[in-house]
Amino acid sequence: MIRCSFFVLVLTFVSWSSCLAQVENKSPIDPQFPLLEHGTKRPISALALVDTTHKRPFDVLSYQVLLDWREPFLNKTHTFKAWNTITIAVTALTDTILLDASEMRIDSCWLNGSLIVAPQPDSSEHLTIPLDASLRNPANPITLKFAYTRTSQANDGFYFYPKGTTQKERNSVDTTAEDLAYTMSEPLDAHKWMPCMDLPYDKANSQINIIVPEGISAQSNGTLLRVTPNPDFSSTFDWQSDKPIATYLMVADASTWVEWRDYYHRLSNPSDSVPVIYYAWPVDYYRDYLRSPYDAQNALKKTPQMIAAFSARFGEYPFVKYAQVPVQPFLFGGMEHQTMTTINRVWLNGYSESGIAHELMHQWFGDKTTCETFGDIWLNESFATYGEAIWQEAIGGYPAYQYAIGWNAKAYFVTLPNDIPIYNPPIALVFNYATVYQKGSGVLDMLRHYVRNDTLFFNSMRDYLTAFAYSTVNTAQFSDFMSRRLGIDLTEFMDSWIYGAGHPVYDIGWGQDANNVLSLQVNQTQTVRDHFTMPMQFQFFHGNQIDTMLVMNNSRSQSYQFSLAYAADSIKFDSSSVVISLHTLRRTDSRSVMTEASVSSSFSVGYNGVNIDCNFGSVPASSTIVMLDILGHIIASQDVRTGSTHAIFPAPESSGIYLLRLMSDRLKLQSAKISIVR
């Protein structure tokens with residue numbers, strides 16, 4: 001995931017390399033409304049990102065946290081008192097326990113029930129607890145209990161916003177409807193609100209207890225065990241996770257909510273009902289009476305249907321409940337906290353169905369199985385983005401799935417940087433939207449094409465989730481497991497698409513002789529690697545007849561011949577077989593026609609106060625015009641019919657500079673800028 005209020009698409013005319021974020025993953029239903037899914041994270045150390053050879057010599061077995069949030073709500077502050085009891089098993093010879101903590105003061109510390117000198121966070125945000133020889137036996141768990149005070153007034157890890165806080169959302173200014181407190185930890189911010197081992201590879205059991213003033217309710221992962229009234233009229237909400245959890249997936253939040261629920265009836269046992277719980281501020285729940293622009297009940301109502309769709313493909317929903325909590329301000333779009341997703345309140349506008357599906361898909365890919373390092377984050381994010389297409393397939397059939405995959409592929413080619421690998425990208429681009437999200441979802445679609453057996457493909461995914469259930473997994477383990485399960489050596493596929501950067505660029509020529517022998521020449525012209533090995537699908541057209549041919553392309557330059565019973569009118573490369581690719585297609589015999597990537601150089605745009613008019617010369621088939629704002633958000637797109645020379649877009653509501661880009665099958669042809677003044 002990623003953090004900044006909007007995902008930055010780096011375009012040729014703007015440089016925002018210092019900001020990292022993510023747009024909400026698009027659906028074919030509402031591609032004109034991009035929203036962020038996450039926001040810009042703080043810098044991640046290289047060691048924390050991918051290094052598992054230096055795992056700490058202990059395993060956290062459990063956390064038991066008590067957060068006293070009376071002070072934030074009563075005095076509008078970010079400081080609070082808290083306690084955390086951590087049970088640890090030593091796994092290798094060590095004389096210290098190294099934990100993570102910052103923005104806090106350790107008031108006292110107990111080691112196996114004995115009070116010791118309280119360690120304090122050092123400049124590298126660590127706590128070091130020495131162990132004498134008697135405590136180094138792996139057979140005897142260690143218990144550490146900390147009483148601490150969060151000292152920072154920053155919204156960082158822990159966030160508090162008083163009622164009436166303003167937040168600009170799109171073209172309007174929203175206000176926080178009720179006092180609000182919540183945590184947000186991905187990637188490495190859990191240690192800013194509790195001492196812990198803040199690395200994704202170490203899952204543990206957890207119980208989070210939250211004290212809040214009267215009238216406030218508090219939520220967390222798992223099951224609500226009890227709500228205990230206190231003498232000062234505050235209440236303590238005790239929550240317990242039903243499965244092990246990584247620290248970045250732990251969450252606590254509190255506000256004045258309306259709570260309502262639905263149920264998902266398990267496909268394997270319809271009498272087993274999973275609570276689907278929703279929270280919203282009263283103004284967004286009773287919107288007919290209070291005139292909120294948001295409609296919580298309508299926006300979230302498809303969640304049980306989504307759970308059923310994903311359960312059918314990937315196995316039963318893996319936890320005891322699923323909840324969604326909309327908050328604002330929130331610098332992200334959504335965050336897949338285990339069993340309880342946090343979403344941006346603006347998703348209640350009804351245009352963010354794909355984002356809701358994305359975060360739900362994480363309960364399987366990210367929460368049930370969790371990336372071992374953040375270099376493996378594609379195992380979370382690519383799969384969740386792919387889940388958006390699976391949801392479209394569930395409600396609209398395979399054509400809707402193809403549209404969603406194709407939309408992400410098109411967006412990948414206009415989203416920069418897109419020249420970095422999916423696995424272990426540069427540290428500052430760990431949550432890079434173009435590759436980790438968009439390209440990664442396309443790669444999973446291509447793996448589905450590569451296997452060419454849906455039953456085998458989805459059963460293998462289910463088995464992968466079972467094999468690594470409630471634990472962590474890295475990219476090599478995924479590759480090895482899927483190779484064995486599919487019976488296919490995926491070494492070259494993974495090396496090309498996951499470990500390597502870039503995409504194939506095909507130069508395709510074809511011709512046909514007097515005997516109707518059609519010759520096809522495929523040359524790969526990209527510079528990032530010699531070749532990508534993939535099956536390529538072509539369609540041959542003759543009148544109303546269409547024949548489909550599949551070839552395996554496994555070298556940089558390769559030729560194929562087909563004996564046909566007719567003279568082909570034209571051919572088409574079906575790029576859905578290699579959705580992350582660019583190509584030109586040209587006829588090389590004497591019956592030469594306009595190449596698929598050619599277009600007249602004339603491309604102009606105008607604005608009449610209502611609409612943007614695009615004028616251009618003749619265009620190839622499969623052309624699209626994409627409209628982007630100054631930050632690179634795709635705010636609208638429109639397919640262009642062959643032979644068209646004109647297109648109209650409704651003008652954006654906001655003043656600014658916009659880019660119109662004409663593309664043919666994801667190959668950029670022409671672009672033009674226009675300035676809108678409102």
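Since this is a predicted model, take the numbers as computed values, not measurements. (Residues numbered from 1 in each chain as written. Predicted model: local features only at pLDDT ≥ 70, side-chain atom pairs only at ≥ 80, totals over all residues. Heavy atoms only, no water.)

**Student:** Kindly report on the nonpolar core, identifying the contributing residues and their values.
**Tutor:** Formed by 179 residues in total, the largest nonpolar core has its most connected members in L67 and W69. Per element, the largest residue contribution to this core is 17 residues, and it comes from helix α8 (residues 378–414). By size, the runner-up hydrophobic cluster in this structure holds 17 residues, among which are M627, A647, A672 and I674. (Core = buried A, V, L, I, M, F, W, Y, C linked by side-chain atoms within 4.5 Å. Buried < 20%, exposed > 50% of the residue type's maximum accessible area, 1.4 Å probe, protein only. Helix = DSSP H or I, 4+ residues; strand = E, 2+ residues; numbered from the N terminus.)

**Student:** Residue-level account of the packing of helix α9 (residues 433–451) against helix α10 (residues 454–467), with values.
**Tutor:** Axis separation between α9 and α10 bottoms out at 8 Å; the angle between their running directions is 130°. Accordingly, the angle class assigned to the pair α9 and α10 is oblique. Considering only the axes of α9 and α10, their crossing is right-handed. For the pair formed by α9 and α10, the contact residues are L444, L447, R448 and V451 on the first element and D454, L456, F457, F458 and M461 on the second. Taken together, the residues of the contact of α9 with α10 break down into 7 nonpolar, no polar and 2 charged. (Axes fitted to C-alpha atoms, helices over the stretch in contact; angles between N-to-C directions. Parallel < 35°, antiparallel > 145°, perpendicular 65-115°, else oblique. Left-handed = near helix turned anticlockwise from the far one by under 90°. Contact = heavy atoms within 4.5 Å. Nonpolar A, V, L, I, M, F, W, Y, C, P; charged D, E, K, R; others polar.)

**Student:** So what about empty space enclosed by the protein? Which residues, and what values?
**Tutor:** For the structure on display, the rule yields 2 cavities of 30 Å³ or more. Estimates place the volume of the second largest cavity at around 30 Å³. Of the residues belonging to the lining of the second largest cavity, the class tally is 2 nonpolar, 3 polar and 1 charged. (1 Å grid on protein atoms, 1.4 Å probe; cavity = no way out; pocket = protein on both sides within 12 Å on 5 of 7 lines; lining within 4 Å. Points joined across faces, edges and corners; volume = space filled by probe spheres on them.)

**Student:** A description of α10 should follow, citing residues and the corresponding values.
**Tutor:** Here α10 contains 14 residues, and its C-alpha end-to-end distance of 20 Å stays within 8% of the 20 Å for a straight helix at 1.5 Å per residue. Every buried residue of α10 is accounted for by F457, F458, S460, M461, Y464 and L465. An end-on view of α10 places all buried positions within 155° of arc, on one side of the element. Opposite its buried face, α10 presents the exposed residues T455 and T466, each directed more than 90 degrees away. Among the structural elements, α6 (303–314), β22 (369–371), α8, α9, β23 (471–473) and α11 (475–486) are those in contact with the buried residues of α10. (Expected span 1.5 Å × (residues − 1). Arc of directions from axis to C-beta.)

**Student:** How would you summarise the sheet that holds strand β29 (residues 570–574) if you had to cite specific residues and measurements?
**Tutor:** Read from one edge of the open sheet, 3 strands run β27-β26-β29, paired in antiparallel fashion. For this open sheet the edge positions go to β27 (545–553) and β29, each flanked by a neighbour on one side alone. Averaged over all neighbouring strand pairs, the angle between strand axes comes to 25°, with direction disregarded. Alignment of strand β26 (residues 534–542) against β29, held across 5 bridges, turns out to be antiparallel. From the neighbouring strand, F540 faces β29, where its bridge partner is I571. (Pairing = 2+ DSSP bridges.)

**Student:** Which residues make up the pairing of strand β28 (residues 557–563), and what values do they have?
**Tutor:** Only one face of β28 is buried, namely the one carrying Q558, Y560 and F562, since none of S557, S559, Q561 and S563 on the opposite face is buried. The pairing of strand β25 (residues 517–524) with β28 spans 7 bridges and is antiparallel. By the bridge assignment for β28, N523 is matched with S557.

**Student:** Outline the pairing of strand β21 (residues 340–344), listing residues and values.
**Tutor:** For β21, the buried fraction is high: 5 of the 5 residues fall into the buried class. By the alternation rule, side chains of β21 split into M340, T342 and N344 and T341 and I343, which are all buried. Across 5 bridges, strand β19 (residues 322–327) lies against β21 in parallel orientation. Bridge pairing links V325 to T342 in β21. Pairing of strand β20 (residues 334–335) with β21, which is carried by 2 bridges, proceeds in the antiparallel orientation. Opposite M335, over in β21, you have T342 as the bridge partner. Connecting the antiparallel pair β20 and β21 is a turn made up of 4 residues, with T339 showing a positive phi of about 70°.

**Student:** Explain helix α12 (residues 491–499) residue by residue, including any values.
**Tutor:** Three or more residues of α12 are buried, namely F493, M494, S496, W497 and I498. In this fold, the buried residues of α12 make contact with α8, α9, α11 and β26.

**Student:** Run through the packing of α11 against α12, naming residues and quoting values.
**Tutor:** Packed helix pairs are characterised by how far apart their axes lie and by the angle those axes make with each other. Interhelical geometry of α11 versus α12 gives an angle of 145° and a closest axis separation of 11 Å. In the packing of α11 onto α12, the handedness of the crossing is right-handed. On the side of α11, the interface is formed by T475, A476, F478 and S479, while α12 contributes M494, I498 and Y499. Looking at side-chain class alone, the contact of α11 with α12 contains 5 nonpolar, 2 polar and no charged residues.

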